[in-house]
Amino acid sequence: MGLETASQTKPLSTLHEKASFDVADFPVPTGREEEWRFTPLSRLKGLHTGAAASGGVVVRVDAAPEVTVETVGRDDERLGRAYVPADRVSAQAYSSFEKATVITVPREAVASAPTVVTVTGSGDGAAYGHTLVRLEPMAEAVVVLEHQGSAVYADNVEFVVGEGATLKVVSLQEWDDDAVHVSHHHALLAKDATFRSFVVTLGGDLVRLSPSVSYEGPGGDADLTGLYFVDAGQHLEHRLLVDHSTPNCRSNVVYKGALQGEDAHAVWIGDVIIRVEAEGTDTYELNRNLLLTDGARADSVPNLEILTGEVAGAGHASASGRLDDEHIFYLQARGIPFEEARRLVIRGFFKQLLEKIELDELRQRVFAKVEAELEK
């Protein structure tokens, strides 16, 4: 691939300054680096050092009839267009995958059904993957990414959304309890393109997911939504980057999580850059964490860097706290037992997010998973 030795720097910003396809350009993390300080490196099983033993996953694609699916080699010119890796594991995954899955929605096609990509871990060693989803101009599609089984897995997923196209993505992390998953989602939006992402992270021992969005033309509209439920001992980390470098684009980020049990740990990093040339940007990001028990910890760090004074709107908010005693008391005063009142409050916390999942069957499935978490 012609881009493999490319290296880029972004001197205008203090966020995500370095990007490269070459693993050697990134030192092995020690945990002292800002981008790795929240991640328990000892639990990555070698994904950050390159020492992980090789293994495998099975990738199955159930595509809508209008959609084309290809398995391609590393030399396919379409790969690596949406991004340049910004950390060592992303670069390692890019340099290590053998075959990539390319999903294409043709110009002006409207997919009549979701395209479902299922990644199933076999439990044998580490695996690396690469997926590219391409929407040609004016196309519309829904793509569901499902992750299950036992795996040590690092991958990059590219979403290239053409002019006037609309892509909706749901990513489900339902791994077994011992799984380790480090994933990077990169969306590149053309003029007047629309991108909707919904991330649900429930399973795995350690999951670190890094969604990013960048824009190629004005009118791009990105909406990034996430829901996570962290149990005892789990580490679930979401690191978002929205890079506004084009005028008159929009982004909105809302992530909410609940945590319960000893050493349940959630990390949310929300980085938004509005560059000098990105006049007319409208952006907002929000993170909320509900701590259900003692021993749980949530780290939430919103970062907003504005390099122009001509913005339509820019803001962020972050809060972590316990269940509202007044809400519980109100429900109990009306005869509702404590445990049921607790469940009702938590359902209300997630309700607005769940309503954003337009696929009824998938929404009910996620709702059932949240209900199962509440029974633990």
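Definitions and limits used
- Residues numbered from 1 in each chain as written.
- Predicted model: local features only at pLDDT ≥ 70, side-chain atom pairs only at ≥ 80, totals over all residues.
- Heavy atoms only, no water.
- UniProt positions renumbered as here; feature names shortened; annotations may be inferred.
- Helix = DSSP H or I, 4+ residues; strand = E, 2+ residues; numbered from the N terminus.
- Domains from an automatic or database assignment.
- Contact = heavy atoms within 4.5 Å.
- Buried area = accessible area lost by both parts, 1.4 Å probe.
- Salt bridge = Lys/Arg side-chain N within 4 Å of Asp/Glu carboxyl O.
- Polar contact = N/O pair within 3.5 Å; in protein donor to acceptor, adjacent residues only side chain to side chain.
- Nonpolar A, V, L, I, M, F, W, Y, C, P; charged D, E, K, R; others polar.
- Buried < 20%, exposed > 50% of the residue type's maximum accessible area, 1.4 Å probe, protein only.
- Pairing = 2+ DSSP bridges.
- Phe/Tyr/Trp six-rings, centres within 6.5 Å; stacked < 30°, edge-to-face > 60°.
- Lys NZ or Arg CZ within 6 Å of the ring centre and 35° of its normal.

As annotated in an unreviewed UniProt entry, the chain carries the name Fe-S cluster assembly protein SufD and is attributed to Streptosporangium saharense.

Trainee: How would you sum up the UniProt feature "domain: SUF system FeS cluster assembly SufBD core" (unreviewed entry) in the chain? Please name residues and give values.
Mentor: UniProt records the feature "domain: SUF system FeS cluster assembly SufBD core" (unreviewed entry) at residues 122-349, using the numbering of this structure. The span residues 122-349 is 9% helical and 64% strand by assignment, and the distance between its end C-alpha atoms comes to 35 Å.

Trainee: Explain the domain arrangement of the chain to me, and be specific about the residues and the numbers.
Mentor: Here the chain is partitioned into domain 1 (2-322) and domain 2 (325-376). Placing a centre on the C-alpha atoms of domain 1 and another on those of domain 2 gives a separation of 27 Å. Domain 1 puts 28 residues into the contact, and the matching count from domain 2 is 18 residues. Buried surface at the junction of domain 1 and domain 2, summed over both partners, amounts to about 2000 Å²; 68% is from carbon and sulfur atoms. It is Leu227, Phe229 and Lys256 in domain 1 that bury the most area against domain 2; as a group they hold 24% of the surface buried on that side. The tally of links from domain 1 across to domain 2 stands at five salt bridges. The tally of links between domain 1 and domain 2 comes to eight residue pairs in polar contact (both at pLDDT 80 or more). Secondary structure elements with two or more residues in the side of domain 1 that touches domain 2: strand 7 (140-161), strand 8 (166-173), strand 10 (194-201), strand 12 (221-230), strand 14 (250-259) and strand 16 (281-291). Per-element tally for the side of domain 1 that touches domain 2: the top contributor is strand 12, with six residues. For the side of domain 1 that touches domain 2, the per-class residue count stands at 15 nonpolar, six polar and seven charged.

Trainee: Tell me about the pairing of strand 16, residues and numbers included.
Mentor: Where burial is concerned, most of strand 16 is hidden: eight out of the 11 residues are buried. Here strand 14 pairs with strand 16 via 10 bridges, running parallel. Note that in strand 16 the partner of valine 253 across the bridge is glutamate 285. Strand direction decides the pairing type here: strand 16 and strand 18 (residues 311-322), joined by 11 bridges, are parallel. Considered in strand 18, the bridge of leucine 291 is made with arginine 322.

Trainee: Describe the packing of aromatic side chains, naming the residues involved and giving the relevant values.
Mentor: Each aromatic ring pair is characterised by the separation of its centres together with the angle its planes make. Going through the model one piece at a time under the given rule, you end up with eight aromatic pairs. Summarising the aromatic geometry, the rings of phenylalanine 349 and phenylalanine 350 are spaced 5.0 Å apart at their centres and angled 65° between planes, so their arrangement reads as edge-to-face. The exposure class of phenylalanine 349 is buried, given its relative accessible area of 15%. Judged by its relative accessible area of 1%, phenylalanine 350 is buried. Among the aromatic residues, those joined into a cluster by ring pairs are Phe21, Tyr83, Tyr94 and Phe97. Arginine 208 extends its terminal NZ or CZ atom over the ring of tryptophan 36, reaching a point 3.8 Å from the ring centre. In this arrangement the basic side chain of lysine 256 is found over the ring face of phenylalanine 349, its NZ or CZ atom lying 5.1 Å from the centre.

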